[in-house]
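Tertiary structure, described
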Amino acid sequence: MDAFVWDQRYVTGETLVDGEHQELVRLINTIIELQSKYADTATVAGVLDQLVQYAVVHFAHEEELMVASGCDPRFTARHTAIHRSFAEQVSKLRAMPDGSVELEQLLNYLTSWLAQHILGMDKAMARQIARIRAGTSAQTAYEEEAQHATDPATSSMLDAMAALYRIISTRNDALTELNRNLEGKVVERTNALKESNRKLLESEHKRASDSRRNLQLFLSQIIDGDPVPTLVIDASHRITHWNKACAAISGLPAEQMVGTWDQWKAFYPESRPIMADLIVDGSLEERFDNYYHNLFRRSKTIADAFEAESFFPHLGSSGRWLFFTTAPIRDSDGKIIGAIETLQDVTERRLAEEQLLQYQGQLEAQVESRTQALARANQQLAKEHEELTNLLRKIEEAQQQLLQSEKMAAIGQLAAGVAHEINNPIGFVNSNLGSLKTYTTNLLHLIDAYESGQAAAIAEAKRQADLEFLREDLPSLLAESQEGLDRVTRIVQDLKDFSRVDQAERQRADLNAALHSTLNVVRNELKYKADVIIELGEIPEIDCVPAQLNQVFMNLLVNAAQAIPERGKIFVRSGLERDHVWFEIEDTGSGMSEETRHRIFEPFFTTKPVGKGTGLGLSISYDIIVKKHHGRVDVRSEPGKGTCFRIWLPIDAPAND
């Protein structure tokens, strides 16, 4: 629907009237906009009601303006009658049921009526008021307005709008009559429905009564057929149900119990309330101390239910333990109208518990006896542990002594070789010192001859000193002596590097250099048995105890030399692989069998003749590499072809080492 467009045609010249007309147009356009956006009916209807209420206020203001301006009563009455007619028609339309009047039709009516009313009656009102204010009488102004001619288009439009208004008014009257007829039919139909409902209620009441009777019969069958002993009492404490299981456990048949108030007879020698009676009275928690002291508790599974367990000495031949649960029965309003109580024979469980208690007592006695025995055994174990600790300490001391013996044996073995290596340079240094002593004596005699000033003595001394020979031999003699002393110095330094006596703690060390020092120390052990071929790669310094690794190198090198029957080769290699360095000592000796290879790291195991070895060298080496440096030792050997030991060592020691 198109919006209501305000323009100069609708201006009357009265400020209040024109302002209220524009507000009415704004409200109509708001409703049109909400309808185009598919707003909910309630929202649109609310704005529409606001429009109608605002129009009524506007009509009142126009009527007050006409009276205050002194308009002709005939015009005022006619104008007011149009207002009242509009209000009545719109009220009728708004009062009709939802869906009976299309909102768009109502909006068309409001838009057309407002446009026709402004262009017709309101414009006429404004012209008459203007004439009256100019001095014309109200009667004359009214009559002149009656003679006022409008343009044909506006006149036709006003006539069409008036015809539309009459059609809508007629339709409203027809709809009102239709509503009255519908209301009559609704009243008639309502009366018919009331009669139908009355009959239906009577039928439902009868059906409910039948269902209730059937339900009671069904409930009775369920309770009577239940294998759990069950009884039910009503609000007057009268027994209504006493099933077969209850009759069996109590020895009292249902025919004797139902309809009576003798439920106590099944459990007690004299009259007293059972738990179901206390629930019906609503006094269980107030009176439980009298009847169920330390026995009663609320059920954990059923709301408002209670549980208890007790011994009934007169049930059965020797009495029975019963566990009973009682719950209230309520009507639809929550009022207690009875109670249901179920029984469970727990005699066997109770007897089993008593037997368990007896058995527990026996077990506790056995545990006490066993505890005392264990205490004695623990004392004996503690004593044996102390003895084993002392024995272990002695073993460790013996092991340390053996290790020291092995070291001393190695040192003794090295001492002979080192002494031999030192003896040679010391020998020719000593010889050279003898010659140097003779040369020095001759030179001193020559000096004495020069001091005496005797020519014959000087000539004889020069002849004996043989100065030309001294000039040639003395530098060579000193150079050879210096070389011999340098060799001794190197041997001592290598021996010191090998032993690392000043570096016994873990440190970063260059093991290629350590291996060179060890080779120099054991050179005398190797040179008569093998040619040593050195193939060392570039490796970083590693975290280790150098003196311990030097001992490993010495053991492997000496073993390699001793494994060569006559003369062979020993290959010494090193390298880097990921986070480990490796050292390889390979010989071309006699090799070993598979059985021997599996035992070479055992303490005291040796294949050497008696007196040639302690059997601890490789055991100590394995302990140093694997246990102290977290490395590993790989061995490959083939009889008749030789043996290769490869040592793997981590570059960095573990953090917890």
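In this report, we go over the structure that sits alongside the text. Given the structure is predicted, the values throughout are model-derived calculations rather than measurements.

**As for the overall build of the chain**
The number of helices and strands found in the chain is 18 helices and 13 strands. Taken across its 657 residues, the chain has 36% of its residues classed as buried. Contacts in the chain between residues at least 24 apart in sequence constitute 62% of all its contacts with a sequence separation of at least 6. Accessible surface for the chain amounts to roughly 39,100 Å². Of this, 54% is attributable to carbon and sulfur atoms.

**Brief notes about the nonpolar core**
L511, L549, L557, I570, F583 and L649 are the most contacted members of the largest nonpolar core, which totals 40 residues. Of all the elements in the fold, those that place two or more residues in this core are α14 (511–521), β9 (542–544), α16 (546–562), β10 (568–577), β11 (580–587), α18 (617–628), β12 (632–638) and β13 (642–650). For this core, the element with the most residues is α16, which contributes nine residues. Contact partners of F583, with chain neighbours within four places excluded, come to L511, N512, L515, I539, F553, R573, S574, F645, R646, I647 and L649. In this structure, I239, Y268, I279 and L343 belong to the second largest nonpolar core, which totals 28 residues.

**Let's talk about the sheet that holds strand β2 (residues 239–242)**
Taken together, the six strands give an open sheet; going across it, the order is β2-β1-β6-β5-β4-β3, and neighbouring strands pair in antiparallel fashion. Strand pairing shows two members of the sheet lacking a second neighbour, β2 and β3 (297–298), which therefore form its edges. Inspection of the sheet shows strand β4 (residues 306–312) paired to strand β5 (residues 320–330) by seven bridges, in the antiparallel sense. Note that in β5 the partner of A308 across the bridge is F324.

**Description of the packing of α16 against α18**
Contact pair α16 / α18: the axes reach a minimum separation of 9 Å and the direction vectors enclose 140 degrees. On the basis of the axis angle, α16 is oblique to α18. In the packing of α16 onto α18, the handedness of the crossing is left-handed. From α16, Q548, L549, Q551, V552, N555, L556 and N559 reach across to α18, where they touch G617, L618, I620, S621, I624, I625 and K628. Residue classes in the contact of α16 with α18 are distributed as seven nonpolar, six polar and one charged.

**Concerning the pattern of salt bridges**
One pass over the structure, following the stated rule, counts 33 salt bridges. Two residues, R127 and E145, come together in a salt bridge whose shortest N-O distance is 2.7 Å. Of this pair, R127 sits in helix α4 (residues 103–133) while E145 is found in helix α5 (residues 138–146), placing the two residues 18 residues apart along the sequence. Take R127: its relative accessible area is 25%, and that puts it in the partly exposed class. By relative accessible area, E145 is classed as buried at 12%. Linked by salt bridges that have partners in common, E535, R573, E584, E586, R636 and R646 make up one network.

**Overview of the sheet that holds strand β8 (residues 530–536)**
With mixed pairing, five strands are arranged side by side in an open sheet as β8-β10-β11-β13-β12. The open sheet has two edge strands with one neighbour each: β8 and β12. The average angle at which neighbouring strand axes cross in this sheet is 10 degrees, direction not considered. As paired strands, β8 and β10 are joined by seven bridges and run parallel to one another.

**A closer look at a nonpolar patch on the surface**
Among the surface-exposed residues, L388, L391, L392 and I395 lie close enough to one another that they form a single nonpolar patch of about 390 Å² accessible area. Of note, L391 is situated in helix α11 (residues 347–452).

**Notes on the packing of α14 against α16**
Viewed as axis vectors pointing N to C, α14 and α16 meet at an angle of 50 degrees, and their least axial separation amounts to 9 Å. It follows from the interaxial angle that α14 and α16 lie oblique. Crossing hand, α14 versus α16: right-handed. Listed contacts from α16 to L511, A514, L515, T518 and L519 of α14 are L549, N550, F553, M554 and L557.

**Some details on unusual backbone geometry**
Of note in the backbone geometry, R578 takes a positive phi value of approximately 50 degrees without being a glycine. Of note in the backbone geometry, H630 takes a positive phi value of approximately 55 degrees without being a glycine.

**Brief notes about the pairing of β12**
In the sheet, β12 pairs with β13 via seven bridges, with the strands oriented antiparallel. Each bridged residue has a counterpart across the sheet, and for V633 the counterpart in β13 is I647. In textbook terms, the turn of a hairpin is the stretch between consecutive antiparallel strands, and for β12 and β13 this stretch comprises three residues, one of which, G640, has a positive phi near 85 degrees.

**Quick word on α18**
Note on helix geometry: an α-helix contains 3.6 residues per turn, so any two residues three or four positions apart are oriented the same way. End to end, α18 covers 16 Å across 12 residues, agreeing with the expected 16 Å (1.5 Å per residue, within 8%). Of the residues making up α18, those classed as buried are G617, L618, S619, I620, S621, I624 and I625. Among the residues trailing α18, H630 stands out with phi positive, at a value near 55 degrees.

Calculation notes
Residues numbered from 1 in each chain as written. Predicted model: local features only at pLDDT ≥ 70, side-chain atom pairs only at ≥ 80, totals over all residues. Heavy atoms only, no water. Helix = DSSP H or I, 4+ residues; strand = E, 2+ residues; numbered from the N terminus. Buried < 20%, exposed > 50% of the residue type's maximum accessible area, 1.4 Å probe, protein only. Contact = heavy atoms within 4.5 Å. Areas by Shrake-Rupley, 256 points an atom, 1.4 Å probe, with all protein chains shown as cover. Core = buried A, V, L, I, M, F, W, Y, C linked by side-chain atoms within 4.5 Å. Pairing = 2+ DSSP bridges. Axes fitted to C-alpha atoms, helices over the stretch in contact; angles between N-to-C directions. Parallel < 35°, antiparallel > 145°, perpendicular 65-115°, else oblique. Left-handed = near helix turned anticlockwise from the far one by under 90°. Nonpolar A, V, L, I, M, F, W, Y, C, P; charged D, E, K, R; others polar. Salt bridge = Lys/Arg side-chain N within 4 Å of Asp/Glu carboxyl O. Patch = residues over 30% accessible without salt bridge, like charges linked within 9 Å, V, L, I, M, F, W, Y side chains within 5 Å. Expected span 1.5 Å × (residues − 1).

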